[in-house]
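Inside the fold
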Amino acid sequence: MEANAVPLFLMLLHSPHPNVCEQAVWALGNIIGDGPHLRDYVISLGVVPILLGFVTDTIPISFLRNVAWVIVNLCRNKDPPPHVDTIRELLPALNTLIHHTDTNVRSNNQRNFVTAQFESLISTRRFWSTQFGHLVT
C-alpha cells in the first residue's frame, strides 16, 4: 500500500493478456487477505465489478479459481466485516461459484464463504443486528 501498488494492480486487471490479469488477481487477493483496512481500500478503488466480470464460462479454470479465492477473501475479516453492500454485490457471483462444475471452485467457495460469514456473524453480532435486526435474535 505504501508503494501505491494497488492502483497499478487494478490497471493490470484490464490487460489483454489473461496471465497478467491472473497474476494481478492473485496479488490483490493477498493484499485483501491482509486485513479489513486493506480489503476496504481495495474495494474503494473499484475491484468488485472488475472481479465479477471475470466470472464467466470462458475463463480458464486456474484463473477462475484465483478469482473465486479473491471474492471469498473480500467476505472475510470480521472486525469490521465487509460492508453489507459489498456482500450484496458479490452474492450473484458467489451463487455461480458454489454451483460450479469444478469441484475445487465449488467446495472451496462453499466452505470458505460459509465459514467466513459464520465467524463474522458470531464475532460482530452488534453490527449484524443493526443491519438485519429483524433477523438476529
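Only a predicted model underlies this, so the values are computations on that prediction, with no experimental measurement involved.

Attention now goes to the overall build of the protein. When you go through the protein residue by residue, the secondary structure sums to eight helices and zero strands. Going from N to C terminus, the protein has its helices and strands arranged as α-α-α-α-α-α-α-α. Put simply, the protein has 137 residues, and 42% of those count as buried. Sequence separation of at least 24 residues holds for 62% of the intrachain contacts in the protein that already meet a minimum separation of 6. Approximately 7,700 Å² of the protein is accessible, and the part contributed by carbon and sulfur atoms is 58%.

Axis angle and axis distance: for two packed helices, these are the angle between their axes and the distance between the axes, and together they describe the pair. For the pair helix 4 (residues 47-54) and helix 5 (residues 61-74), the least separation of the axes is 10 Å and the interaxial angle reads 145 degrees. Where helix 4 crosses over helix 5, the handedness of that crossing is left-handed. Within the contact between the two elements, helix 4 uses Val47, Val48, Leu51, Leu52 and Phe54 and helix 5 uses Phe63, Leu64, Val67, Val70, Ile71 and Leu74. Across the contact of helix 4 with helix 5, the residue classes break down as 11 nonpolar, no polar and no charged.

With that settled, the discussion passes to the packing of aromatic side chains. Taken as a whole and judged by the stated rule, the model has one aromatic pair. Centroid distance phenylalanine 54 to phenylalanine 63: 5.0 Å. Interplanar angle 45 degrees. Geometry classified as tilted. Overall, the relative accessible area of 13% leaves phenylalanine 54 in the buried class. Judged by relative accessible area, which is 3%, phenylalanine 63 ranks as buried.

The full count for this structure, using the stated rule, is three salt bridges. Between aspartate 40 and arginine 39 there is a salt bridge, and its shortest N-O distance comes to 2.9 Å. By relative accessible area, which is 32% here, aspartate 40 ends up partly exposed.

With 15 residues, helix 2 (residues 18-32) should cover 21 Å at 1.5 Å per step; its first-to-last C-alpha distance of 21 Å lies within 8% of that length. The set of residues buried in helix 2 consists of Cys21, Glu22, Ala24, Val25, Ala27, Leu28, Gly29, Ile31 and Ile32. For helix 2, the elements touching its buried residues are helix 1 (5-12), helix 3 (36-44), helix 4 and helix 5.

In this section: the nonpolar core. In this structure, Leu13, Val47, Leu51, Phe54, Val67 and Ile71 are the most contacted members of the largest nonpolar core, which totals 34 residues. Among the secondary structure elements, those contributing two or more residues to this core are helix 1, helix 2, helix 3, helix 4, helix 5 and helix 6 (84-98). Ranked by residue count, the leading element in this core is helix 5, at eight residues. Filtering out sequence-adjacent residues up to four positions away, phenylalanine 54 remains in contact with Leu13, Cys21, Val25, Ile59, Phe63, Leu64 and Val67.

What counts, and where the lines are drawn
Residues numbered from 1 in each chain as written. Predicted model: local features only at pLDDT ≥ 70, side-chain atom pairs only at ≥ 80, totals over all residues. Heavy atoms only, no water. Helix = DSSP H or I, 4+ residues; strand = E, 2+ residues; numbered from the N terminus. Buried < 20%, exposed > 50% of the residue type's maximum accessible area, 1.4 Å probe, protein only. Contact = heavy atoms within 4.5 Å. Areas by Shrake-Rupley, 256 points an atom, 1.4 Å probe, with all protein chains shown as cover. Axes fitted to C-alpha atoms, helices over the stretch in contact; angles between N-to-C directions. Left-handed = near helix turned anticlockwise from the far one by under 90°. Nonpolar A, V, L, I, M, F, W, Y, C, P; charged D, E, K, R; others polar. Phe/Tyr/Trp six-rings, centres within 6.5 Å; stacked < 30°, edge-to-face > 60°. Salt bridge = Lys/Arg side-chain N within 4 Å of Asp/Glu carboxyl O. Expected span 1.5 Å × (residues − 1). Core = buried A, V, L, I, M, F, W, Y, C linked by side-chain atoms within 4.5 Å.

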